[in-house]
Amino acid sequence: MRTPIMAGNWKMNCDNEEAWQLAAAIADEKGDVEGCEVVLCPPATALTTVLAAIEDTNIGLGAQNIFWEESGAYTGELSGPMLLSCGCEYVIIGHSERRGRFGSVADDFTPELQKVFGESDASVNRKIKAALSYELTPIVCVGELLNERQAGQTDEVVTSQVRTAVDGLAADQIDSLVLAYEPVWAIGTGEVCDADEANRVLGVIRGIVAECADESVAQEIRILYGGSVKPDNVVGLMQQAEIDGGLVGGASLEADSFGELITAASASVA
Ligand code: PEP
């Protein structure tokens, strides 16, 4: 039985006061959660604030990014030891907003801005290796763009992303990853992927893990779905056999809605 995970990606939201309020409200509602790992991923500026708010609860802390070097002349970057010193146990790697794979392009997002972070599959692989070397749990995001889905390339895209992400990792290292299937067209758009289809793609991903590691790792690894998960669609998603939880943006920014997602994830294994 795989323990589900509900991870909130706060993206570039919440100053320190707002982060404290939100984390404290979630801790109040769900701090004693069992049967589900809950992870809050605030912006880096609020990591220690959130850590203080979730102290003595069952809620874990995650960062939204990591750089692979330990220290040095890398302006603006954060290393594994820095994240550990803030109390992080998890780190999101390869989110589509960092890969430059935007789903719904707002008017003010010029093509230049879309590529501003420009992370490649290869840099995702380096970041995963760095995170593992500091015993941080990577939450690794993969997913296709709308035009790739329309062209029938979904399986090909996620296969390639997962293969490169785990390149050079031993089976026991792959086992300690959390994967997240996040169809880019469903992120922040309100358009959720059909639960059966999400389940199918997660099955494809599990098959790739079996090829890259082995069948027991494929059965153990947690694979999340992300993309407009909300209280009104979470139960259907969590009922799917392959879906081990969610990576959630918008609905994680409000304690009540995130609480409902946590309840649904916990109930899915009860
Ligand atoms: C995300 O940020 O990974 C995400 C899935 O966002 P949302 O839930 O808002 O679609």
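Criteria and cut-off values
Residues numbered from 1 in each chain as written. Predicted model: local features only at pLDDT ≥ 70, side-chain atom pairs only at ≥ 80, totals over all residues. Heavy atoms only, no water. Helix = DSSP H or I, 4+ residues; strand = E, 2+ residues; numbered from the N terminus. Rg over C-alpha atoms; globule rule 2.2 N^0.38 Å. Contact = heavy atoms within 4.5 Å. Buried < 20%, exposed > 50% of the residue type's maximum accessible area, 1.4 Å probe, protein only. Pairing = 2+ DSSP bridges. Expected span 1.5 Å × (residues − 1). Arc of directions from axis to C-beta. Salt bridge = Lys/Arg side-chain N within 4 Å of Asp/Glu carboxyl O. Axes fitted to C-alpha atoms, helices over the stretch in contact; angles between N-to-C directions. Near = heavy atom within 4 Å. Polar contact = N/O pair within 3.5 Å; in protein donor to acceptor, adjacent residues only side chain to side chain. Areas by Shrake-Rupley, 256 points an atom, 1.4 Å probe, with all protein chains shown as cover.

Draft legend 1. Focus on the overall build of the protein chain. A tally of helices and strands in the protein chain yields 13 helices and 8 strands. A compact globule built from 270 residues should have a C-alpha radius of gyration of about 18 Å, and the protein chain, at 17 Å, falls within 12% of that. Taking the principal axes of the C-alpha coordinates as reference, the protein chain spans close to 50 × 45 × 45 Å. Contacts spanning at least 24 positions in sequence make up 74% of the contacts within the protein chain whose residues lie at least 6 apart.

Draft legend 2. Broad picture of the pairing of strand 7 (residues 222–226). Extensive coverage of strand 7 is indicated by the burial of 5 of its 5 residues. Of the strand pairs in this sheet, strand 6 (residues 178–181) and strand 7 are connected by 4 bridges, and their pairing is parallel. The residue of strand 7 that forms the bridge with V178 is R222. Bridge count for strand 7 against strand 8 (residues 245–248) is 2 bridges, and the pairing is parallel. Its bridge partner lying in strand 8, Y225 is registered against G246.

Draft legend 3. Geometry of unusual backbone geometry. Although it is not a glycine, E135 adopts a positive phi angle of roughly 60 degrees. Its place among the elements puts E135 in the loop between helix 6 (121–133) and strand 5 (137–142).

Draft legend 4. Expanded view of helix 8 (residues 154–165). For helix 8, with 12 residues, the first-to-last C-alpha span of 16 Å sits near the 16 Å given by 1.5 Å per residue. Buried residues of helix 8: T154, V157, V158, Q161, V162 and A165, and no others. In an axial view of helix 8, the angular spread of the buried residues amounts to 120 degrees, which keeps them on one side of the axis.

Draft legend 5. Focus on the side chain of S266. Summarising the element assignment, S266 is placed in helix 13 (residues 255–267). With a relative accessible area of 17%, S266 lands in the buried category. Setting aside its immediate chain neighbours within four residues, S266 contacts V33, E34, G35 and C36.

Draft legend 6. Expanded view of the pattern of salt bridges. Counted by the stated rule, this structure contains 13 salt bridges. The residue E119 makes a salt bridge to K127 at a minimum N-O spacing of 2.8 Å. One network of salt bridges, with partners in common, ties together E144, R149, D155, E197 and R200.

Draft legend 7. Molecular detail of the sheet that holds strand 6. One closed barrel accounts for 8 strands, arranged 1-2-3-4-5-6-7-8; its pairing is parallel. For this sheet the average axis-to-axis angle between neighbouring strands, irrespective of direction, equals 25 degrees. Taken together, the 4 bridges between strand 5 and strand 6 define a ladder with parallel strand orientation. The residue of strand 6 that forms the bridge with V142 is Y181. Helix 8 rests against strand 5 and strand 6 of the sheet, and its axis sits at about 150 degrees to strand 5. Running at roughly 160 degrees to strand 1 (residues 5–9), helix 13 makes contact with strand 1, strand 2 (37–41) and strand 8 of the sheet.

Draft legend 8. Representation of the environment of A27. Here A27 is to be found in helix 1 (residues 16–30). The sequence separation of A27 and T57 amounts to 30 residues, and the corresponding C-alpha distance is 6.8 Å. What A27 contacts, discounting residues up to four positions off in sequence, is A53, T57 and I59.

Draft legend 9. Up close: the site of the ligand. Within the structure, the ligand sits among 14 residues, and K11, E182, G188, S228 and G249 are positioned closest to it. A distance of 2.8 Å separates an oxygen atom of the ligand from a polar atom in the backbone of S228. Measuring from an oxygen atom of the ligand, one finds a backbone N or O atom of G249 at 2.8 Å. When the ligand is considered free in solution it has 290 Å² of accessible area, and contact with the protein chains removes 98% of it.

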